[in-house]
Amino acid sequence: GQESIPGLVDYAIKNGDKKYSYYREHTHALASGVDAGEVMAELMMKDTGSCRGAGGSMHIFDKKKYFQGGWALVGEQLPYACGAAKSILLDRAMGLSDDDDVVKQDVAPPEDDDRISVVFVGEGGAQNGRMAELLNAAAKDNLPLLAIVIDNGRAINTFTQDIAKNSEVYNQGKHYGVPGLLVDGLNAVDVAKGGKAVIDYIRQGKGPAVLQVHTYRFNGHSPADPEHERGRKEEKSWARAEQDPLKFFEDTYTANGMFTEDELKAAKKEVMAEVKASVKFADESPMPPVELAKELEYPDAPSTDYNTKEGPAFADEVNKRTISDGKMATVQAHLESLRQKAQAGEISIGDAINLAIHEEMLRDPTTTIHAEDLQAGSSYDIPKLTQQTYGQIRAADEIIDEGHFIGKALGEGMNGYRPIVELMNTNFGIYGMAEISSAGNTYATTGGQFDMPLTIIGAGGTAPNQALGAEHSQPFHAYVMGIPGLKIGTAASPDAAYGLTKSMIRDNGPCFLFAPVKMMKESKGPVDLGKCMPLNKAALLHEASADSVASGKAVTVLTYLHGVKESLTAIESIQEEGFDIDLIELRCLKPLDMETIKTSLARTNKLAILDESTKSGGVGATISAQVSEELFDLLDAPVKRLCMDDAPVPYAESMEKAVVKRASDLIEGVFDLCSGNY
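Computed from a predicted model, the values in this text were never measured in an experiment. (Residues numbered from 1 in each chain as written. Predicted model: local features only at pLDDT ≥ 70, side-chain atom pairs only at ≥ 80, totals over all residues. Heavy atoms only, no water.)

Q: Honestly, the packing of helix α1 (residues 4-12) against helix α7 (residues 188-203) in this entry has me stumped. Any pointers?
A: In a pair of packed helices, the angle between the axes and the distance between the axes together describe the arrangement. One way to put it is that α1 packs onto α7 with a least axis distance of 9 Å and a crossing angle of 45°. One finds that α1 runs oblique with respect to α7. Remark: the crossing between α1 and α7 carries right-handed chirality. Contacts from S4, L8, Y11 and A12 of α1 reach α7 at A188, V191, A192, G195, K196, I199 and R203. Among the residues making up the contact of α1 with α7, the classes are represented as 7 nonpolar, 2 polar and 2 charged. (Axes fitted to C-alpha atoms, helices over the stretch in contact; angles between N-to-C directions. Helix = DSSP H or I, 4+ residues; strand = E, 2+ residues; numbered from the N terminus. Parallel < 35°, antiparallel > 145°, perpendicular 65-115°, else oblique. Left-handed = near helix turned anticlockwise from the far one by under 90°. Contact = heavy atoms within 4.5 Å. Nonpolar A, V, L, I, M, F, W, Y, C, P; charged D, E, K, R; others polar.)

Q: Quick question: what am I supposed to make of the nonpolar core here?
A: With 68 residues, the main nonpolar core has M131, L145, L586, I597 and V627 as its most contacted residues. Not counting residues within four places of it along the chain, the set of residues in contact with L145 comprises A81, C82, A85, S117, V119, L134, A138, I202, P208 and A209. Core analysis: the next-biggest nonpolar cluster, separate from the first, contains 44 residues, L355, L374, A395 and L500 among them. (Core = buried A, V, L, I, M, F, W, Y, C linked by side-chain atoms within 4.5 Å. Buried < 20%, exposed > 50% of the residue type's maximum accessible area, 1.4 Å probe, protein only.)

Q: Please explain the environment of F512 as it appears in this structure.
A: One can find F512 in strand β18 (residues 511-516). Taking the relative accessible area as the measure of exposure, F512 reaches 0% and is therefore buried. Separated by 63 residues in the primary sequence, F512 and Q575 have C-alpha atoms spaced 35 Å apart.

Q: Would you mind going over the pattern of salt bridges with me for this structure?
A: Taken as a whole, this structure holds 36 salt bridges when the rule is applied. One salt bridge in this structure joins K140 and D141, with 3.1 Å as the shortest N-O distance. With a relative accessible area of 23%, D141 lands in the partly exposed category. In this structure, K502 engages E359 in a salt bridge whose closest nitrogen and oxygen atoms are separated by 2.8 Å. Note that K502 is positioned in helix α19 (residues 494-506) and E359 in helix α14 (residues 349-363), a separation of 143 residues in sequence. Several salt bridges share partner residues, and in doing so they unite D91, R92, D98, K104, D113 and R115 into one network. (Salt bridge = Lys/Arg side-chain N within 4 Å of Asp/Glu carboxyl O.)

Q: How should the environment of A313 be read in this particular structure?
A: With respect to the helices, strands and loops of the structure, A313 is situated in the loop between α11 (292-295) and α12 (315-322). Taking C-alpha positions, A313 is 49 Å from I156, a pair spaced 157 residues apart along the chain.

Q: Can you walk me through the sheet that holds strand β21 (residues 554-559) in this structure?
A: In sheet architecture, strand pairing relies on hydrogen bonds along the backbone and comes in two forms, parallel and antiparallel. Taken in spatial order, the 5 strands make up an open sheet running β20-β22-β21-β24-β25, and their pairing is mixed. At either margin of the open sheet sits one strand with a lone partner, and together these are β20 (539-542) and β25 (640-644). The average angle at which neighbouring strand axes cross in this sheet is 25°, direction not considered. The pairing of β20 with strand β22 (residues 580-585) spans 3 bridges and is classified as antiparallel. Across the sheet, the residue bridging to L540 is I584, located in β22. (Pairing = 2+ DSSP bridges.)

Q: Looking at this structure, how should I read the sheet that holds strand β15 (residues 418-425)?
A: Here 7 strands make up an open sheet; going across it, the order is β14-β13-β15-β16-β18-β17-β23 and the pairing mixed. Edge positions in the sheet fall to β14 (395-397) and β23 (588-590), since each has one partner strand and no second. Between one strand axis and the next, the sheet turns through 20° on average, direction left out of account. As paired elements, strand β13 (residues 367-371) and β14 share 3 bridges and run parallel to each other. Within β14, the position partnered with A371 by the bridge is D397.

Q: Would you explain the pairing of strand β7 (residues 145-151) in this entry?
A: Counting buried residues in β7 gives 7 out of 7 residues, a clear majority hidden from the surface. Along β7, one buried face is formed by L145, A147, V149 and D151 and the opposite face, lined by L146, I148 and I150, is buried too. Handedness of the crossover joining strand β6 (residues 117-122) and β7 through helix α5 (residues 129-140) is recorded here as right-handed. Taken together, the 6 bridges between β7 and strand β11 (residues 209-214) define a ladder with parallel strand orientation. Following the sheet pairing, A147 is matched in β11 by V210. (Right-handed = clockwise from strand over helix to strand, strands pointing away.)

Q: How do you make sense of helix α9 (residues 245-255) when you look at a structure like this?
A: Think of an α-helix as 3.6 residues a turn; residues three or four steps apart then line up on the same face. What α9 keeps buried is the set P245, E250 and Y253. Mapping the buried residues of α9 onto a view down its axis gives an arc of 125°, with all of them on the same face. Looking at the buried positions of α9, the neighbouring elements they touch are α1, α7 and α10 (261-284). Directly after α9, the chain includes G257, whose backbone phi takes a positive value near 85°. (Arc of directions from axis to C-beta.)

Q: Quick question: what am I supposed to make of the packing of helix α4 (residues 77-94) against helix α16 (residues 402-413) here?
A: Interaxial distance between α4 and α16 falls to 6 Å at its minimum, and their mutual angle equals 50°. With respect to their mutual orientation, α4 and α16 come out oblique. α4 and α16 meet at a crossing whose hand is right-handed. Of the residues in α16, those in contact with P79, Y80, C82, G83, A84, K86 and L90 of α4 are G403, H404, G407, K408, L410, G411 and E412.

Q: Mind showing me how you'd approach the packing of aromatic side chains here?
A: The geometry of an aromatic ring pair comes down to the distance between the two centres and the angle between the two planes. Evaluation of the coordinates by the stated rule reveals 12 aromatic pairs. Considering the side-chain rings of F476 and F512, the 5.9 Å spacing of their centres and the 65° angle between planes classify their relative orientation as edge-to-face. Of this pair, F476 sits in helix α18 (residues 476-479) while F512 sits in strand β18, and the two are 36 residues apart along the sequence. Taken together, the ring pairs connect F61, W71, Y80 and F450 into an aromatic cluster. (Phe/Tyr/Trp six-rings, centres within 6.5 Å; stacked < 30°, edge-to-face > 60°.)

Q: Explain α16 here, please?
A: With 12 residues, α16 extends 16 Å between its outermost C-alpha atoms, agreeing within 8% with the 16 Å of an ideal straight helix rising 1.5 Å per residue. The set of residues buried in α16 consists of E402, G403, H404, F405, I406, G407, K408, A409, L410, G411, E412 and G413. (Expected span 1.5 Å × (residues − 1).)

Q: I'm lost on unusual backbone geometry in this one. Help?
A: Where the residue is not glycine, phi is negative for most of them; where a peptide bond is considered, it is trans in most cases. In this structure, G70 follows G69 across a cis peptide bond, with omega equal to 0°. Topologically, G70 is positioned in strand β3 (residues 67-71). Of note, the amide linkage connecting K590 to P591 takes the cis form, showing an omega dihedral of -5°. Considering the arrangement of structural elements, one finds P591 in the loop between β23 and α22 (594-604). Within the chain, M45 stands out as a residue other than glycine whose phi angle is a positive 55°. With respect to the element layout, M45 can be found in the loop between α3 (36-43) and β2 (61-62). On the basis of relative accessibility, which here comes to 48%, the residue M45 falls in the partly exposed class. Positioned with a positive phi, D381 is a non-glycine residue whose angle comes to about 65°. Tracing the sequence through the fold places D381 in the loop between β13 and α15 (386-390).

As C-alpha cells, this is what we get:
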C-alpha cells in the first residue's frame, strides 16, 4: 500500500543523495539502486548480500549507492540523517568530495552540487522527540534535508490518532520555519509531482522540508501481528480494494490510453523475471564464513600502532584555505603554551586532551567536534579554541541532548568525517545509549562497508568524597561495556589522556575515553609529546618488590580512573604492613589486556580489583569472571573485588563511605589476601 514512495525515490532522488531508512527499507533500497540480487541475498543471510549477511532484513546498506540503512530503533535514523546533511555542507566548506571508492579527496564538489540527505520515518516514529531535534538542527544550520513521513495510520498496530494529538506531521516544522506538504499516497503521480517540488526547494539551498505521504498499510507490522486489531479486517479489505496505488495507477493509465493491457503485462513479466533472478542468485550464493563475525568486530585491530598512521596528504592545503593566518597563529601559540606545560610536567588532564584534539584536527581536516558549551571550552577546556580556530562548521555547539549530537556525529562518520564528541560529564551519555549502541554495531552490521571513526570523550567515574549525588556518579563506563564494537579506555594522568585521545581519533571504529571527573584539573604531569598510546595495553605503575613476591606478600591490583590516585596513596601504608603490590592501571577496559594481568599474576598469585563500578554488572565483575575462566591456575586466593555497592551514590560524605571504595579499603583488602582472610 506504500508503493508510491519508492516510486518517488526512483524518480527524484539521485545516487549521491544520502538515504536513511528504518527497518522496512527493502523497497527504499531497491529504488535507490541497490542491486535486487544483493537485497534478496541479504534477506537470505548470504555472503553475496549487500552486507554479507551481517545486517539482514532490517539493515540493508550500500556505500556506493549512499544507501545508509536500515536502522531498527524507532527514530534513531533522524539525527544520523542530520549528520549526513551536515557532511554535505562540510564538503562544500572544506572543498572536499568523494572519489570512486567513496574516500575523501582534495577536489571540491561541483558548483552546482545540489545533494540532499533523505530520511524516512513513520508518522508514529515522527512523534518521537528526535523529530523536534531534527527540525531544530536542520533549520538552524539550513541543512539540505528531506524528511519523508510515511503516514499509514498505525504506530506498530496502534491507531496513531489514539496516541498522538496531532497527526499533521508536515506542520511540525512551522515553529522552526521548516515547510511541509501533505500528499495522498494513493496517487503515485501526485506523490511524484508534490515530492519533486519539495525536493527542488531543498536542492535550491532553501533549507529543510517535510513531505508527509498518507497511505494505507495492507499487512501487519510483522507476521506475528493480530489481524483482529480494532476494525482492521474491514479496513484492510476496503484499503486493498480502494487504496492500492498500483491498481489505481494501472486503472488510470490504461483507461486514458497511456499504455495498453499488453504493455502492462509485459512490464509485470519483466519485473517478475528480475524477482526470480534475484531469488535464484540468493539461493545459489554461499553462506558467510563463521570467521567473518569476529573479523567484523573492529575496523582496526586492537594491536594497531597508531603512530604509523599517516594523515591525509591534503591536510596542509585544506588548512591553508580554511584557517586564516591570524587564527592559525593564535592556535599555534596556544599549542606551544600547552607543550611547554607538558614538558615541564605541569599540564592537566583536560589541557592534555585539548592539545591532542588540536594536533589531530590540524593533522586531519576531516576531524570535527561536537559539544555543549563548546565555544566556551566546556567544563574542562577539552574543546577550548576549537570553534574559534576551525569555525562552527567543524566545531559545533550543540543543544542539550547528547543522543541528538552523538547521532549527528554518527552521520558524519558514515560520510567521510572523523567526529569527536565531548560529553562534559560522561553520565550525560545515558541520553545517547541508542546512538552509542548503533555506533558500535555499524561496522559489523554493514558487512564492513562503513567505518565508524567516532571518538567520545568525557569526565566520569566516582571519586571518594565526590559530593555530586547519584545521577552524576553513575558508572557509565560499566553501562557501555556490553556494547559490541566499542573500544573503551580510561586515563588517570595527562600522559595517558593525551596518548589515548590521539589514538582514538585515528582509529576507524568507535572509541570512548573516560577521564576522572575529580582529577581533570588537579592531576598534572609530563606528556610524551607526539606519541600515540596503544588501545589494548594496561600500564604497570608500580611493581612489587622481589622480596614481597618471594614471601607471598604481594598482590596484583587492577584499577582505573580515581582508583589510580587512591592506590598510589595506599602503597606506602601497604608497605609499612610488610606487603607490596603490582599496581596496574586499566587504560583499556575493552579490549582487556589479559597478557599484562597474566604476567603480574604469575608473580603474585593474588588479585584485588579497586573498581569504580557496582558489584552487580560492574567492570570488576567482568574482569573477575574472565580471570577465573582463563587464569584460574595462577590464583592462590579468591579474587578480591573492592567495588561500589549497588546502592545509589549518596551526596553526604558520611553515607558515601558505605558505597564508594577508597585507599583504606585497598589497604585492608591487600592485608586480607596476604593473611588468608578470605
